[in-house]
Amino acid sequence: MKIDIRMEAAKSYDSNPSFPNDIPFYLERIPSPGASILELGCGTGRVTLALIPYCNYIHGIDLSPAMIAICRQKLIREGIPPANAQVEQGDITRFDLGRTFDLIIAPFRVFQNLETDAEVDGLLGNIHQHLAPGGTCILNVFKPFLFPEDLKKQWVRQEEKLSWEAPVEGGRLECYDRRPKMDTEKLILYPELIYRRFEGERLAEESVLKLVMRCYYPDTFVKLILDHGFTILDRWGGYAGEVYGEGPELVIQFGL
Ligand SMILES: C[S@@+](CC[C@H](N)C(=O)[O-])C[C@H]1O[C@@H](n2cnc3c(N)ncnc32)[C@H](O)[C@@H]1O
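Residues numbered from 1 in each chain as written. Predicted model: local features only at pLDDT ≥ 70, side-chain atom pairs only at ≥ 80, totals over all residues. Heavy atoms only, no water.

**A closer look at the overall build of the protein chain**
Thinking step 1. A tally of helices and strands in the protein chain yields seven helices and twelve strands.
Thinking step 2. Compactness check: the protein chain gives a C-alpha radius of gyration of 18 Å against a globular reference of 18 Å for 256 residues, within 12% of the reference.
Thinking step 3. Based on the C-alpha atoms only, the size of the protein chain along its principal axes is roughly 55 × 50 × 35 Å.
Thinking step 4. Taking the intrachain contacts of the protein chain between residues at least 6 apart in sequence as the baseline, contacts between residues at least 24 apart amount to 65%.
Thinking step 5. As displayed, the protein chain has an accessible area near 12,400 Å², and 53% of this comes from carbon and sulfur atoms.
Thinking step 6. Each charge class in the protein chain was averaged separately, 28 positive and 37 negative side chains, and the resulting centres sit 2 Å apart. (Helix = DSSP H or I, 4+ residues; strand = E, 2+ residues; numbered from the N terminus. Rg over C-alpha atoms; globule rule 2.2 N^0.38 Å. Contact = heavy atoms within 4.5 Å. Areas by Shrake-Rupley, 256 points an atom, 1.4 Å probe, with all protein chains shown as cover. Lys, Arg positive; Asp, Glu negative; His and termini not counted. Charge placed at Lys NZ, Arg CZ, Asp CG, Glu CD.)

Written out as structure tokens, the structure is:
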């Protein structure tokens with residue numbers, strides 16, 4: 001198994017005060033109370049736990065044992081039986097659950113963590129294989145805030161900037177971001193998140209999460225999904241009804 005890049009950072013994940021307001025959006029897209037849902041990159045269960053009361057069964061997969069462990073603790077704490085929800089450590093670019101689902105989701109830009117074409121092809125192939133007849137999938141990426149040529153010139157910066165801070169038990173957590181490098185040919189960003197926990201003014205703990213964020217533009221994201229043999233059913237520019245291509249996110253719902 002690969003090293004868990006989120007081993008240290010996982011415990012800080014839920015403290016982020018600026019998650020997108022995407023849960024009502026996903027709730028609205030559950031096709032029926034009897035639906036089965038597959039969540040790719042479920043993380044600590046931020047979305048998973050919110051969907052459980054509104055579907056028959058939800059199955060989560062995440063690469064990070066540390067994120068899955070937090071998600072499992074939440075399921076146990078809430079008394080959720082395995083008949084309603086299960087999560088497992090696994091790679092969304094290669095898995096076979098031997099069953100299909102009515103809705104497949106990958107909230108908060110999970111898709112952008114896939115660095116290579118082979119991983120992207122693997123994931124989209126797995127979606128094909130795990131969609132029930134009439135089932136749909138929703139994928140989301142952020143819309144880059146700059147055109148490609150400007151992104152290439154302006155994205156990298158060595159100095160770190162405060163991204164958010166939040167009170168935590170016994171002190172506060174600060175999250176900084178650094179942008180040390182970018183693959184300008186493939187438009188892949190390599191940001192780093194630095195989590196610092198303070199007890200009073202004393203730095204008690206620090207961890208660094210090195211991420212991969214592959215960029216997609218409105219047209220390239222649509223083309224990628226069509227090129228993998230899917231039919232696009234709907235698309236949005238964010239979770240507040242923004243027009244596709246005009247908001248901060250790119251969100252596409254598609255089927256077979
Ligand atoms: C930004 S978090 C999103 C977590 C959750 N979906 C949410 O909305 O809060 C991205 C998650 O995707 C997972 N991930 C990235 N690549 C993955 C892969 N190849 N297979 C499974 N999970 C992956 C990470 O471990 C991480 O938990």
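**Section: the site of the ligand**
Thinking step 1. Looking at the ligand, there are 20 residues lining it, with Y13, G41, R46, D62 and I92 nearest.
Thinking step 2. Contact distances for the ligand include 3.0 Å between a nitrogen atom and a side-chain N or O atom of D91.
Thinking step 3. One of the backbone N or O atoms of P107 is found 3.0 Å from a nitrogen atom in the ligand.
Thinking step 4. Considered on its own, the ligand offers 600 Å² of accessible surface; in the complex 94% of this is hidden by protein. (Near = heavy atom within 4 Å. Polar contact = N/O pair within 3.5 Å; in protein donor to acceptor, adjacent residues only side chain to side chain.)

**Observations regarding the packing of aromatic side chains**
Thinking step 1. Counted by the stated rule, this structure contains eleven aromatic pairs.
Thinking step 2. Considering the side-chain rings of F25 and W236, the 4.9 Å spacing of their centres and the 85° angle between planes classify their relative orientation as edge-to-face. Linking F25 in helix α2 (residues 23-28) with W236 in strand β11 (residues 231-236), this pair joins segments that are 211 residues apart in sequence.
Thinking step 3. W236 gets classed as buried once you look at its relative accessible area, which sits at 10%.
Thinking step 4. Seen from their ring centres, F111 and Y216 are 5.3 Å apart, and the 35° between their planes marks the pair as tilted. You can see F111 sitting in the loop between β4 (101-105) and α5 (117-130) and its partner Y216 sitting in the loop between β10 (213-214) and α7 (218-227), a full 105 residues away along the chain.
Thinking step 5. Members of the aromatic cluster, joined through ring pairs, are F25, Y26, W236 and Y239. (Phe/Tyr/Trp six-rings, centres within 6.5 Å; stacked < 30°, edge-to-face > 60°. Buried < 20%, exposed > 50% of the residue type's maximum accessible area, 1.4 Å probe, protein only.)

**Some words on the layout of surface pockets**
Thinking step 1. Its boundaries defined by the atoms lining it, the second largest pocket holds a volume of some 210 Å³.
Thinking step 2. Forming the walls of the second largest pocket are D117, V120, D121, E185, K186, L187, R214, C215, Y216, Y217, T220 and L224.
Thinking step 3. Those elements that provide at least two residues to the lining of the second largest pocket are α5 and α7.
Thinking step 4. Examining the composition of the lining of the second largest pocket, we find that three residues originate from one element, α5, more than from any other.
Thinking step 5. Here the lining of the second largest pocket is composed, by residue class, of six nonpolar, one polar and five charged. (1 Å grid on protein atoms, 1.4 Å probe; cavity = no way out; pocket = protein on both sides within 12 Å on 5 of 7 lines; lining within 4 Å. Points joined across faces, edges and corners; volume = space filled by probe spheres on them. Nonpolar A, V, L, I, M, F, W, Y, C, P; charged D, E, K, R; others polar.)

**Observations concerning the nonpolar core**
Where a protein is soluble and globular, its nonpolar side chains tend to be buried together.
Thinking step 1. Residues L40, F111, I127, L139, F221 and F254 are the most contacted members of the largest nonpolar core, which totals 31 residues.
Thinking step 2. Residue assignment for this core shows that the elements contributing at least two residues are β1 (36-40), β2 (57-62), β4, α5, β5 (131-142), α7 and β12 (249-255).
Thinking step 3. Among all residues touching F111, those that are not within four sequence positions of it are V120, L123, L139, N140, V141, Y216, F221 and L224.
Thinking step 4. Core analysis: the second largest hydrophobic core is formed by 23 residues, L51, V87, L103 and V251 among them. (Core = buried A, V, L, I, M, F, W, Y, C linked by side-chain atoms within 4.5 Å.)

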